[in-house]
Structures are given as structure tokens and as C-alpha cells.
Amino acid sequence: MADRTTSSITVDADRSHVMTVIADFGSYPEWAGQVKSAEVLSSGPEGRPQTVRFVLDAGVISDTYTLGYDWNDDESVSWQVVEAGTMVRELRGSYTLSERGSGTEVTYELAVDLKVPMIGMIKRKAEKVIVDTALKGLKKRVEGR
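The rules behind the values
- Residues numbered from 1 in each chain as written.
- Predicted model: local features only at pLDDT ≥ 70, side-chain atom pairs only at ≥ 80, totals over all residues.
- Heavy atoms only, no water.
- Helix = DSSP H or I, 4+ residues; strand = E, 2+ residues; numbered from the N terminus.
- Rg over C-alpha atoms; globule rule 2.2 N^0.38 Å.
- Buried < 20%, exposed > 50% of the residue type's maximum accessible area, 1.4 Å probe, protein only.
- Pairing = 2+ DSSP bridges.
- Axes fitted to C-alpha atoms, helices over the stretch in contact; angles between N-to-C directions.
- Contact = heavy atoms within 4.5 Å.
- Polar contact = N/O pair within 3.5 Å; in protein donor to acceptor, adjacent residues only side chain to side chain.
- Salt bridge = Lys/Arg side-chain N within 4 Å of Asp/Glu carboxyl O.

Check the secondary structure of the protein and you find three helices and seven strands. Secondary structure elements of the protein occur, N-terminal to C-terminal, as β-α-α-β-β-β-β-β-β-α. The C-alpha radius of gyration computed for the protein amounts to 14 Å, which stays within 12% of the reference 15 Å derived for 145 residues, consistent with globular compactness. When the backbone C-alpha atoms are referred to their principal axes, the protein occupies close to 45 × 30 × 25 Å. For the protein, with 145 residues in total, the buried portion stands at 46%.

Within a sheet, adjacent strands bond to each other through the backbone by hydrogen bonds, running parallel or antiparallel. As summarised here, the arrangement of the seven strands in space is β1-β7-β6-β5-β4-β3-β2, forming an open sheet in which the pairing is antiparallel. With partners counted over all chains shown, the strands left at the sheet margins are β1 (5-11) and β2 (35-43), one partner each. Strand after strand, the sheet turns through a mean of 20 degrees between neighbouring axes, direction not considered. In this structure, strand β6 (residues 88-100) lies alongside strand β7 (residues 103-114), joined through twelve bridges in antiparallel fashion. In the strand pairing of β7, L97 is matched with V106. Sheet strands in contact with helix α1 (residues 15-23) are β1, β3 (49-58), β4 (61-72), β5 (76-83), β6 and β7, and its direction is about 160 degrees off that of β6.

This part is about the side chain of T107. Inspection of the secondary structure puts T107 in strand β7. Here the side chain of T107 touches S8 through a polar contact of 2.7 Å, side chain to side chain. Each residue touching T107, except ones within four places of it in the same chain, is listed here: T6, S7, S8, S94, Y95 and T96.

One pass over the full model with this rule turns up nine salt bridges. Of the charged contacts, one joins E90 and R92 as a salt bridge, the two residues approaching to 3.7 Å between their closest N and O atoms. E90 gets classed as buried once you look at its relative accessible area, which sits at 19%. For R92, a relative accessible area of 35% puts it in the partly exposed group.

Dropping the structure here:
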């Protein structure tokens, strides 16, 4: 699972505000197009979600799985599968936030490994759709608040 899809977008808000929206998993179905539900199962000592169960419908990738999160203040958050679904074997990703003038550059990296065979080109296209939709949705959600 060495190949990752990476994309960035600049959001007109500070890192803390962006990370607050990222950590609000209950609202993901409102702005992260392919996420149909997100349920926080546990939180870490600082109150941020530690494990979250997702229901995803991204066309060729539809599944229910649980991710574990590792937060680095308002600088980054990374995640990986802690309970695989029927299609998703592995899913690793991260958001990295960097100050850019009065805004924040958000870089999203994602790598997905499926249990079912899929042509690499189709899998990368699905990853790109997930990443691009998430970044655009995040920007709209943050700037619309």
C-alpha cells in the first residue's frame, strides 16, 4: 500500500478552527459527500475522538469500518483502520495543517487497500474523488461557519 493520493487546499481560517471542524465527526455527513454516517466510539484524554465508525459510500468503495486517530495538536491528524470492513482492508490517511498568510493550507493524504481485486487506476481515481470532495467540503464548511 505504498501509493498515496495527496492534494491540498487553502482555507480562509486559522488552524485551530479548521481542526475543530475536522474533529467534529458527527457533522461529516453534512459536508464530506461519501460519508453517510460517522459515530465516535471513544475519545482520547484531550477529548478528541480516538476511534470512529464510518459508513462510506464512494461508488466503487462502499463499506463500514472503524478508524483510530492520532492527533498532533492543531498541526496534523492521522488515522488507520482498527476494524476492517467487508471491502476495506486498510485505510491510512492524514490531514496536515500549515499556516499560509491569514489562512491554513490543508494537505490530505489517503491510501486505501481493498479486500476485493480492483484495477489500480480505478482505485486511485476513487481515492482522488474522496480526497478532492473532502477538501472542497471542508473548505466550504469552515468558511461557511
